Amino acid sequence: MKRVQYVFICLVFVLTVFSPTSFVRASSTYNITVDESGNARLQGLVQRITPQPMFVHSWAGDWSIFTSAQTRFLAGSHYVPLNLWKSGDTVIVNGKIRSSQRTIDADKINNISLKLATVVGKIISIAGNVLTVSKDGGASARITVDSTARIILAGRQVPISEARPGMRMWARGVVMSATDLTAVRVDLGELKRFVAKGIVS
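Residues numbered from 1 in each chain as written. Predicted model: local features only at pLDDT ≥ 70, side-chain atom pairs only at ≥ 80, totals over all residues. Heavy atoms only, no water.

**Some remarks on the packing of aromatic side chains**
How two aromatic rings sit relative to each other is given by the distance of their centres and the angle of their planes. As a reminder, the rule being used: Stacked, tilted and edge-to-face are the three classes applied to pairs of Phe, Tyr and Trp rings, where Trp contributes its six-membered ring and a pair requires centres within 6.5 Å; stacked means planes under 30 degrees apart, edge-to-face means over 60, and tilted covers the rest. Starting at the N terminus, helices and strands are each numbered in turn, a helix being any DSSP run of H or I of at least four residues and a strand any DSSP run of E of at least two. When a residue's accessible area, from a 1.4 Å probe over protein chains only, is under 20% of the maximum for its type it is buried; when over 50% it is exposed; and in between it is partly exposed. Comment: the charge-over-ring label is applied if NZ (Lys) or CZ (Arg) is within 6 Å of the ring centre and within 35 degrees of the ring normal.
For the coordinates displayed, the defined rule picks out 1 aromatic pair. Look at Phe-73 and Trp-85: their rings are 5.9 Å apart centre to centre, the planes differ by 85°, and that puts the pair in the edge-to-face class. Here Phe-73 is found in strand 6 (residues 72–75), whereas its partner Trp-85 is found in the loop between strand 7 (78–79) and strand 8 (90–97), with 12 residues between them in sequence. By the burial criterion, Phe-73 is buried, and Trp-85 matches it. A cation over an aromatic ring shows up here: Arg-48 above the ring of Phe-55, its NZ or CZ 4.1 Å from the ring centre.

**Some remarks on the pattern of salt bridges**
Side chains that differ in charge, positive against negative, can pair when their charged atoms come close. Where we set the bar: Salt bridge criterion: a side-chain nitrogen from Lys or Arg within 4 Å of a carboxyl oxygen from Asp or Glu.
Evaluation of the coordinates by the stated rule reveals 5 salt bridges. Here Arg-168 makes a salt bridge to Asp-136, at a shortest N to O gap of 2.9 Å. Pair noted here: Arg-168 is in strand 14 (residues 168–175) and Asp-136 is in the loop between strand 11 (130–135) and strand 12 (140–153), with a separation of 32 residues, a long-range link. With relative accessibility at 47%, the residue Asp-136 sits in the partly exposed group.

**Here's the deal with the environment of Asn-39**
Note the cut-off: Contacts are residue-level and defined by heavy atoms, with any inter-residue pair within 4.5 Å sufficient.
Structurally, Asn-39 is set in strand 3 (residues 39–48). Look at Asn-39 and you get partly exposed, because its relative accessible area is 35%. The contacts of Asn-39, once residues within four sequence positions are left out, are Thr-33, Val-34, Gly-95 and Lys-96.

**Section: the pairing of strand 12**
Here is the rule: Two strands pair under a simple rule: DSSP has to find at least two bridges between them.
Looking at chain direction, strand 11 and strand 12 are connected through 5 bridges and run antiparallel. When the bridges of strand 12 are listed, Val-133 appears paired with Ala-141. Connecting strand 11 to the next strand, strand 12, in antiparallel fashion are 4 residues, including Gly-137 with a positive phi near 120°. The pairing of strand 12 with strand 15 (residues 180–188) spans 8 bridges and is classified as parallel. Among the inter-strand pairings, Ile-143 is bridged to a residue of strand 15, identified as Leu-181. In this structure, strand 12 lies alongside strand 13 (residues 156–157), joined through 2 bridges in antiparallel fashion. When the sheet's bridge partners are listed, Ile-152 is paired in strand 13 with Gln-157. Between strand 12 and the antiparallel strand that follows it, strand 13, lie 2 residues; Ala-154 among them carries a positive phi value of about 55°.

**Regarding the environment of Ile-49**
Among the secondary structure elements, Ile-49 is positioned in the loop between strand 3 and strand 4 (54–58). When the C-alpha positions of Ile-49 and Asn-83 are compared, they lie 9.2 Å apart, and in sequence the two are 34 residues distant. Sequence-distant contacts of Ile-49, that is, excluding residues within four places in its chain, are made with Met-54, Leu-82, Trp-85, Lys-86 and Ser-87.

**Observations regarding unusual backbone geometry**
Put simply, Thr-50 and Pro-51 share a cis peptide bond, and its omega is -5°. Tracing the backbone through its elements, the reader meets Pro-51 in the loop between strand 3 and strand 4. At the junction of Gln-52 and Pro-53, the peptide bond is cis and its omega measures out at -10° in the coordinates. Here Pro-53 lies in the loop between strand 3 and strand 4. A positive phi angle is found at Ala-60, which is not glycine, with a value near 75°. By secondary structure assignment, the location of Ala-60 is in the loop between strand 4 and strand 5 (61–66). Note on Ala-60: relative accessible area 43%, which makes it partly exposed.

**Brief notes about the nonpolar core**
Threshold: Residues belong to one nonpolar core when they are buried, are Ala, Val, Leu, Ile, Met, Phe, Trp, Tyr or Cys, and are joined through side-chain atoms within 4.5 Å.
Formed by 25 residues in total, the largest nonpolar core has its most connected members in Leu-42, Met-54, Ile-65, Val-80, Trp-85, Val-93 and Ile-109. Once you skip the residues sitting within four places of it in the chain, Val-80 turns out to touch Phe-73, Leu-74, Ala-75, Trp-85, Leu-114, Val-174 and Val-184. In terms of nonpolar packing, the next biggest core, distinct from the first, is built from 18 residues, Ile-123, Val-158, Ala-163 and Val-186 among them.

Here is the structure:
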């Protein structure tokens, strides 16, 4: 009788966990949702970024996350290159779950551990891909412009060589320290352009 009860409990567990509409949650860090079409949302901790597949530790163990040229790597709504990601970051993976065990083909991966910030000020000096900026308010900051960052001047994308000391600028990027930011986008121009965009008042 006890064996029958044990088998029944195991069967209920399997049907609950692997039902297409079920939501499985082990903690606030590890959870997964899968709908009837196999679209998955997985939250967990990055174990390995490269090479393929990315490994993410979540509910039931490590998951293999396969990416493609169409996969979007984000922090919030901003693209953030993988060289700024690290093991231990918390990510949310959206994609299609495979029939094989714990495998997802990712459409989008959002890194919720990365902290984004905005710097507005005037360029003091330029050394390679690093801009030293005097921020509005008096403090200074070092802006590292990643090779994948977009630099915009007068509505067009330009190389970093277009930046000049004395230029006003606005940068959005990943906080590396209290004074360092790695930019994913830099706008160069006059303050009135930033006011028009609602960036500053």
